[in-house]
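Letter by letter, the chains look like this.
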Amino acid sequence: MNFSNVTSLARTAELSLAEKGITSAKVVLTGFVVVFAMLILLILIIKLYSFIVVKAQQGGTKKKEKPAAVPLTSESKNVVPAAPVSDDGVSQEVVAVISAAVASMYGSPEKVKIKSIKKSNGGRSAWANAGILDNTRPF
Amino acid sequence: MEILQGFADAVGGILESSGLLTLNWQNYVMIGVSIVLLYLAIKKQYEPLLLLPIAFGMLLVNLYPQIMAAPSTELLTEAQCAAQNVATSGHATTVINGITYYENPTYGGLLYYLYQGVKLGIYPPLIFLGIGCMTDFGPLIANPKSLILGAAAQIGIFVTFTGAIFLGFTATEAGAIGIIGGADGPTAIYVTTKLAPHLLGSIAIAAYSYMALVPIIQPPIMKLLTTKKERSVVMEQLRPVSKLEKIMFPVIVVIIIAIFLPDAAPLVGMLMLGNLFKESGVVERLAKTAQNELMNIITIFLGTTVGATASGQNFLTFDTIKIIVLGLIAFCMGTAFGILFGKIMYKFTGGKVNPLIGSAGVSAVPMAARVSQKVGQQENPGNFLLMHAMGPNVAGVIGSAVAAGVLLNIV
């Protein structure tokens, strides 16, 4: 304990109050400016390349919403709430939910037209998700 | 008779080398502290994945200090040390027949070797590799302005630096203390081992404690600085981000940051490598290993050895108390500046940005984002801020790595 007092006394002796002020002002200013400059640079670059990528992808082929697998009836296109009737494995209730989600992602519902809905068999299982959640928590 | 004498000598020898005679009061205090931490980790589940190994490392080193002893070769008395010009500091001592020997064992303690990964700055970047595999930068790419919030939350680091300087710490020590405000365990450890290794135990424990306390520390500050109207802002859905954008992101970020700020390259580089493992989709095995097995192994080594730096003599000083107070200030300032910049963005966008997402700019992924979500939902139960808060949250990881690079460079 005494030892630490001695070292802290020695430290205070090393730097005068003015020197401390100058050192910290220097670090605060540099830190502030450099961190913001780096991250603003990143913002500009991300915006630029996303713009290019989005343009390029739109310019190529008009993107299809999803690959055709389950052709839907005209009734389900209009997202009419109906009894959950199975239509080739996808119930209309599920179709309604997916349509609603897609419509909310893209803003106005008039622009959206769902051509087909297909079950995907990839992705993480619920257990994998739980495992990842468990691992990410402390960091 | 001879047998009895031999028995008595043997027992005497064992007693002499036992902790009962060699440990001092600081060790006993620290044993108590480590048991409290074990309780918090197991019963209260405060960051158990880290707190449990840290607490146990602390327990071990205070029961048996030589477990962290550095390797050397001979037993020397003080006179012999002086004669042979051998430095006596940093060596464990043994008392035999009343003479103090400076112990130079051929091999160091178990934790000494595991600790080299911390000391040489190997473990923190490897943890970042795993974090990169688990991080989705999608919300950040969809809304790059979040990076401003990630930068704003780092101001706390530099403000705390000033506080530490005026409390009598040296510039390098102050830099290491300030980084607690980045709320990023691996970054804090990385910077501390480079700038002020003797403070590692206190800083790591402060950093991880405050990260565990995010849900308690942040909400009052968030509520104090925002109005009810601001807290109930519902944000627009983020645009979907294409796979190509996600693949390009890590490559572009690492090029920019490593060129301009090489000191941040080990941390940011590994983070982005991990993210590329994930987003490229072609090395799934590597991504799985990095985020599960490798990360868990490193966490065990890191936690135990960081805990083992907190031996009684190192830890029970007035400096530790100062560090714990300064760390809390750093953390609160980071949260406050994030929120304040969130408010600025709220004004500039005409009320489209909910300032609550600003507090997620301190890294602490994903806890800080969850806190934003929770506080937002208290005002408006139908409001889902989580994805919006993930943007500043992952930006905070990049931000604190950049801030670390700045500190390493200028301090």
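Note: the structure precedes this text.
For the structure given in this document, a descriptive report is provided here. All values reported here derive from a predicted model rather than from experimental measurement.

**Concerning the interface of chain B and chain A**
Taken residue by residue, the interface counts 64 residues in chain B and 42 residues in chain A. On the chain B side of the interface with chain A, the three residues burying the most area are L147, F158 and F166 of chain B, jointly 10% of the side's total. Our count for the contact surface shared by chain B and chain A stands at zero salt bridges. Counting every contact that joins chain B to chain A gives three residue pairs in polar contact (both at pLDDT 80 or more). Here the side of chain B that touches chain A is composed, by residue class, of 43 nonpolar, 13 polar and eight charged.

**Some details on the nonpolar core**
In terms of nonpolar packing, the biggest core is built from 129 residues, with F137, I177, F249, I257, I398 and V402 of chain B touching the most fellow members. If near-sequence neighbours (up to four positions away) are discounted, I257 of chain B is found in contact with M38 and L42 of chain A together with P262, A264, V268, I398 and V402 of chain B.

**Observations concerning the packing of aromatic side chains**
One pass over the structure, following the stated rule, counts six aromatic pairs over all chains. Here F36 of chain A and F341 of chain B contribute two aromatic rings whose centre-to-centre distance is 5.5 Å and whose plane-to-plane angle is 35°, an arrangement assigned as tilted. On the criterion of chain membership, the pair formed by F36 of chain A in helix α2 (residues 17–59) and F341 of chain B in helix α20 (residues 318–348) is interchain, its members lying in two chains. Using a relative accessible area of 18% as the deciding quantity, one classes F341 of chain B as buried. Summarising the aromatic geometry, the rings of F137 of chain B and F249 of chain B are spaced 4.8 Å apart at their centres and angled 35° between planes, so their arrangement reads as tilted.

**Some thoughts on helix α17 (residues 265–280) of chain B**
Helical periodicity: at 3.6 residues per turn, an α-helix aligns residues three or four positions apart in one direction. All names here are of chain B. Within α17, the full set of buried residues consists of L267, V268, G269, L271, M272, G274, N275, F277, E279 and S280. Contact partners of the buried residues in α17: α7 (123–134), α12 (185–195), α16 (243–260), α18 (284–308) and α22 (386–410). Residue G281 follows α17 closely and has a positive phi angle near 75°.

**Overview of unusual backbone geometry**
Residue and element names in this part refer to chain B. The amide bond that connects V365 to the next residue, P366, takes the cis arrangement and shows omega of -10°. Tracing the backbone shows P366 in the loop between α20 and α21 (367–379). The backbone phi angle of Q45 is positive, close to 55°, even though this residue is not glycine. By the secondary structure assignment, Q45 is in the loop between α3 (25–42) and α4 (48–63).

**Quick word on the packing of helix α13 (residues 200–212) of chain B against helix α14 (residues 214–225) of chain B**
Residue and element names in this part refer to chain B. Packing of α13 against α14 brings their axes to within 5 Å, and their N-to-C directions diverge by 65°. Taken as axis vectors, α13 and α14 run roughly perpendicular relative to one another. Of the residues in α14, those in contact with Y210, M211 and A212 of α13 are V214, P215 and I217. When the residues that make up the contact of α13 with α14 are grouped by side-chain class, the tally is six nonpolar, no polar and no charged.

Reading the values: rules and limits
Residues numbered from 1 in each chain as written. Chains lettered and ligands numbered in written order. Predicted model: local features only at pLDDT ≥ 70, side-chain atom pairs only at ≥ 80, totals over all residues. Heavy atoms only, no water. Contact = heavy atoms within 4.5 Å. Buried area = accessible area lost by both parts, 1.4 Å probe. Salt bridge = Lys/Arg side-chain N within 4 Å of Asp/Glu carboxyl O. Polar contact = N/O pair within 3.5 Å; in protein donor to acceptor, adjacent residues only side chain to side chain. Nonpolar A, V, L, I, M, F, W, Y, C, P; charged D, E, K, R; others polar. Core = buried A, V, L, I, M, F, W, Y, C linked by side-chain atoms within 4.5 Å. Buried < 20%, exposed > 50% of the residue type's maximum accessible area, 1.4 Å probe, protein only. Phe/Tyr/Trp six-rings, centres within 6.5 Å; stacked < 30°, edge-to-face > 60°. Helix = DSSP H or I, 4+ residues; strand = E, 2+ residues; numbered from the N terminus. Axes fitted to C-alpha atoms, helices over the stretch in contact; angles between N-to-C directions. Parallel < 35°, antiparallel > 145°, perpendicular 65-115°, else oblique.

These results come straight from atomic positions and should not be treated as a statement about function.
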